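Here are the chains, one letter per residue:
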Amino acid sequence: MNDILWLLVSFLYILVVLLAACCMGRSGVQAIFVRKTVHILVSLWIFIMAYGMESPAARLIGPVLFTVLNLAFYIHSGNISAGIVFFPLSITVLIFLMIEGILSVQAVVAGTLVMGLGDGAAAIAGTLLGKTRKSIEGSAVMFIVAFNVILACTGIGVIRASVSALAATVVERISPSALDNLAVPLLAAGAVEVLCAL
């Protein structure tokens, strides 16, 4: 019963985020700000999965469903980034690896938030500074956010958090546009898991 309640809360939360994004778009907010606001807010769902839900099925339903729905939307739209497919896909993979005991809950939360908060903040910062592509300023913001997220989620220490954040930042910087949504969360979670074990 607990998982059913958390699933309802999850879908309601995502619905509210999407409605807010529609309102932002209609009120003239630039598309990049709308997209990255959704990116940031959707990533926060990981707390519901990690600390509310209990069964593997409940934990996977949302990300799997949104991977499929976003893939259909991507195929039929033709003018949006594949990142909308890769982000829920990366969350699905992270949760599956957690269920299988390969990743810890903390690594999954950190990996998801590094992508959601770090990439979102980097894009917003770059746009505010007039940059149209990935920028040094955006990468600096990505590193700062990733470092703080990893440190807060894991407590692995400054040096290990710095190494993990730097790896995530480099991958975000060099990844083709949409692939960072897949590569960054997986790499960040993997780096956190490995460095926590040292």
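What counts and what doesn't
Residues numbered from 1 in each chain as written. Predicted model: local features only at pLDDT ≥ 70, side-chain atom pairs only at ≥ 80, totals over all residues. Heavy atoms only, no water. Core = buried A, V, L, I, M, F, W, Y, C linked by side-chain atoms within 4.5 Å. Buried < 20%, exposed > 50% of the residue type's maximum accessible area, 1.4 Å probe, protein only. Helix = DSSP H or I, 4+ residues; strand = E, 2+ residues; numbered from the N terminus. Contact = heavy atoms within 4.5 Å. Axes fitted to C-alpha atoms, helices over the stretch in contact; angles between N-to-C directions. Parallel < 35°, antiparallel > 145°, perpendicular 65-115°, else oblique. Left-handed = near helix turned anticlockwise from the far one by under 90°. Nonpolar A, V, L, I, M, F, W, Y, C, P; charged D, E, K, R; others polar.

Engineer: Would you take a moment to explain the nonpolar core for this structure?
Structural biologist: The nonpolar side chains of a soluble globular protein tend to be buried, and buried together. If you look at the biggest cluster of nonpolar residues, it comprises 39 residues, and the most contacted ones within it are Trp45, Ile46, Met49, Ile95, Val108 and Val114. Secondary-structure elements contributing two or more residues to this core are helix 3 (46–51), helix 4 (56–77), helix 5 (83–99), helix 6 (105–128), helix 7 (136–154), helix 8 (158–174) and helix 9 (180–197). If one sorts the elements of this core by residue count, helix 6 sits on top with eight residues. Not counting residues up to four positions away in its chain, the partners in contact with valine 114 are Asp119, Met142, Ala146, Val149, Ile150, Ala168, Val184 and Ala188.

Engineer: Explain the packing of helix 1 (residues 2–26) against helix 4 to me, please; I cannot follow it from the model alone.
Structural biologist: For any two helices packed against each other, the geometry comes down to the angle between their axes and how far apart the axes lie. Two numbers describe how helix 1 lies on helix 4: the axes approach to 9 Å, and their chain directions differ by 30°. Classified by the interaxial angle, the pair formed by helix 1 and helix 4 is roughly parallel. Both helix 1 and helix 4 take part in a crossing whose hand is right-handed. Contacts from Asp3, Leu7, Phe11 and Ile14 of helix 1 reach helix 4 at Ala58, Ile61, Gly62, Leu65 and Phe66. Of the residues assigned to the contact of helix 1 with helix 4, the class counts are seven nonpolar, one polar and one charged.

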